[in-house]
Amino acid sequence: EDQVVNGHDEKENNPFAEYMWMENEEDFNRQVEEELQEQEFLDRCFQEMLEEEDQDWFIPSRDLPQGVGQLQQQLNGLSVGDGHPSEDILSKSNLNPDAKEFVPGVKY
C-alpha cells in the first residue's frame, strides 16, 4: 500500500504544484489583468459595431417624423370601396376595358 506523508502520496512529485503560480504572482496578476482589458476592449468594439449597424437600419418609429406614424395608422384603417358595390362603379365608368395597359415611356 502507498504510504501517506503529510497528507500526500509519496508518488506525488510536488505536493505544492497547484500553488506554483503564486511563485510568480505579479506576472500572473498582470496576465489576468491584460486578459480582462482585452475582453473589455472586445466588448466595447462589439457594442460600437452593433450601434453602427442599428444606425443603418430603417426603423419607422425612430426615423420618421411624429405625424407620419399617425398618417400611416389612418391609411391602414382605410379600405378600398368604402361600401359602394364595385358593379355600381364599373357601370358609371367611361374607361375602355379593351384599352392597352399604360406603360410610362412606351409609345404605341
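In this text the structure is predicted, and so the values were computed from the model without any measurement.

## As for the overall build of the chain
Helices and strands together make up the secondary structure of the chain, namely four helices and two strands. Per-residue burial for the chain yields a buried fraction of 0% across its 108 residues. For the chain, the computed accessible surface area is about 11000 Å², with 52% contributed by carbon and sulfur atoms.

## Describing the pattern of salt bridges
Inspection of the entire model under this criterion finds three salt bridges. In this structure, the salt-bridge partner of R30 is D27, at a minimum N-O distance of 3.6 Å. One end of the pair, R30, and the other, D27, are both in helix α1 (residues 25-56), three residues apart, so they sit about a helical turn from each other. Among the residues examined, R30 registers a relative accessible area of 45% and is labelled partly exposed. A residue is classified by how much of its surface remains accessible, and D27, at 42% relative accessible area, is partly exposed. One salt bridge connects E34 with R30, and the closest N-O pair in it is separated by 3.4 Å. In this pair, E34 and R30 are both assigned in helix α1, four residues apart and thus about one turn of the helix distant. Among the charged side chains, a salt-bridge network with shared partners connects D27, R30 and E34.

Rules used in this analysis
Residues numbered from 1 in each chain as written. Predicted model: local features only at pLDDT ≥ 70, side-chain atom pairs only at ≥ 80, totals over all residues. Heavy atoms only, no water. Helix = DSSP H or I, 4+ residues; strand = E, 2+ residues; numbered from the N terminus. Buried < 20%, exposed > 50% of the residue type's maximum accessible area, 1.4 Å probe, protein only. Areas by Shrake-Rupley, 256 points an atom, 1.4 Å probe, with all protein chains shown as cover. Salt bridge = Lys/Arg side-chain N within 4 Å of Asp/Glu carboxyl O.

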